[in-house]
Amino acid sequence: MSKNSLINLLSLALIQGSNALFPLAVFPYLFSVFDNAEFSKIVISEAIIMYVLSICLYSFDVSGVKDIASKQKEQKREKAKEVYWTVLSLRLILFLFIALCILISTYIFFNSYFHILLIWLMFPLGMIFQANFYYQAMEVNIKLGLIVFISRVLACFLTYYLIKDPGSSLLSISIIAGSFLLSGLLSFGYQVYSL
């Protein structure tokens, strides 16, 4: 295994590990701070947002990697850029459509969840802008790994430092979802710069 392959593999492990360990570090603490009713609102709304994320990401992480990698091999960088912007645009269109549907129906039928879901929408939006498929296709996962790791660690510190009373559930969601939006926007900035 070459040095670049090993770095990319370790970087993918850093990305997946940061995303997998983050909820394990934060949610038990939040469970100890909030009462059952408030905590259940947080996790139920998170589950709804996972559907939004699944619809928005669809299969672009597979097809996007394949398309960009094949264009890179053919030395067609402009075509690779076109694939990137097409995938990003389609994801944003799906996000806007499903987010509007959920927010409208929540406002009408489950008004107490409206603000929670509105804040949670930063999570899928951040994942859309993060565009893991681009980093995997370009084999530059170390940059994304560092961005994701730093933003998740920062969110852990902010959660433990700022969330102390049961009335701060919206702030806790803002920190968690904001972590994903932050990593998404930072990685998007790097993508735009590199493209």
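Residues numbered from 1 in each chain as written. Predicted model: local features only at pLDDT ≥ 70, side-chain atom pairs only at ≥ 80, totals over all residues. Heavy atoms only, no water.

**Focus on helix α1 (residues 3–33)**
For step 1, the next point in the chain: For α1, spanning 31 residues, the distance from its first C-alpha to its last is 45 Å, which sits close to the expected 45 Å at 1.5 Å a residue.
For step 2, the next point in the chain: Buried within α1 we find Asn-8, Ser-11, Ile-15, Ser-18, Asn-19, Phe-22, Val-26, Phe-27, Tyr-29, Leu-30 and Val-33.
For step 3, the next point in the chain: On its buried face, α1 is in contact with α2 (36–57), α5 (114–120), α8 (141–162) and α9 (169–194). (Helix = DSSP H or I, 4+ residues; strand = E, 2+ residues; numbered from the N terminus. Expected span 1.5 Å × (residues − 1). Buried < 20%, exposed > 50% of the residue type's maximum accessible area, 1.4 Å probe, protein only. Contact = heavy atoms within 4.5 Å.)

**Focus: the confidence of the model for the protein chain**
A low pLDDT score tells you not to read the predicted coordinates there in detail.
For step 1, the next point in the chain: Of the residues in the protein chain, 89% have a pLDDT of 70 or more, and the chain-wide mean is 86.
For step 2, the next point in the chain: Mean pLDDT across the secondary structure elements of the protein chain bottoms out at helix α3 (residues 60–73), with 61, and peaks at α5, with 94. (pLDDT = per-residue confidence, 0-100.)

**Some words on a nonpolar patch on the surface**
For step 1, the next point in the chain: On the surface, a nonpolar cluster with roughly 610 Å² of combined accessible area is contributed by Ile-7, Ile-142, Leu-146, Phe-149, Ile-150, Val-153 and Phe-157.
For step 2, the next point in the chain: At six residues, the largest contribution of residues to the nonpolar patch is made by α8.
For step 3, the next point in the chain: Mapping Phe-157 onto the fold places it in helix α8.
For step 4, the next point in the chain: Looking at Phe-157, the relative accessible area reads 59%, which means it is exposed. (Patch = residues over 30% accessible without salt bridge, like charges linked within 9 Å, V, L, I, M, F, W, Y side chains within 5 Å. Areas by Shrake-Rupley, 256 points an atom, 1.4 Å probe, with all protein chains shown as cover. Salt bridge = Lys/Arg side-chain N within 4 Å of Asp/Glu carboxyl O.)

**Side note on the nonpolar core**
What tends to happen in soluble globular proteins is that the nonpolar side chains get buried as a cluster.
For step 1, the next point in the chain: Counting residues in hydrophobic clusters, the biggest one holds 51 residues, and the most contacted among them are Leu-30, Val-52, Trp-120, Phe-123 and Ile-176.
For step 2, the next point in the chain: Sorting the residues of this core by element identifies α1, α2, α4 (77–109), α5, α6 (122–130), α7 (132–138), α8 and α9 as the ones contributing at least two each.
For step 3, the next point in the chain: In contact with Phe-123, other than residues within four places in its own chain, are Ile-49, Met-50, Leu-53, Ala-177 and Phe-180. (Core = buried A, V, L, I, M, F, W, Y, C linked by side-chain atoms within 4.5 Å.)

**Brief notes about the side chain of Asn-132**
For step 1, the next point in the chain: Position of Asn-132 relative to the elements: it lies in helix α7.
For step 2, the next point in the chain: Judged by relative accessible area, Asn-132 falls into the buried class, the value being 12%.

**Observations concerning unusual backbone geometry**
Most of the time, phi is negative for any residue but glycine, and the peptide bond is trans.
For step 1, the next point in the chain: Unusually for a residue other than glycine, Ala-131 sits at a positive phi of about 50 degrees.
For step 2, the next point in the chain: Relative to the elements of secondary structure, Ala-131 occurs in the loop between α6 and α7.
For step 3, the next point in the chain: Classification of Ala-131 as buried rests on a relative accessible area of 0%.

**Comments concerning the packing of α8 against α9**
For step 1, the next point in the chain: Between α8 and α9, whose axes approach to 9 Å, the crossing angle comes to 160 degrees. Between α8 and α9, the crossing angle belongs to the class labelled roughly antiparallel. Relative to α9, α8 is oriented so that their crossing is right-handed. Between α8 and α9, the residues in contact are Lys-143, Leu-144, Ile-147, Val-148, Ser-151, Arg-152, Leu-154, Ala-155, Leu-158, Thr-159 and Leu-162 and Leu-171, Ile-175, Ser-179, Phe-180, Leu-182, Ser-183, Leu-186, Ser-187 and Tyr-190, respectively.
For step 2, the next point in the chain: Counted by class, the contact of α8 with α9 contains 13 nonpolar, five polar and two charged residues. (Axes fitted to C-alpha atoms, helices over the stretch in contact; angles between N-to-C directions. Parallel < 35°, antiparallel > 145°, perpendicular 65-115°, else oblique. Left-handed = near helix turned anticlockwise from the far one by under 90°. Nonpolar A, V, L, I, M, F, W, Y, C, P; charged D, E, K, R; others polar.)

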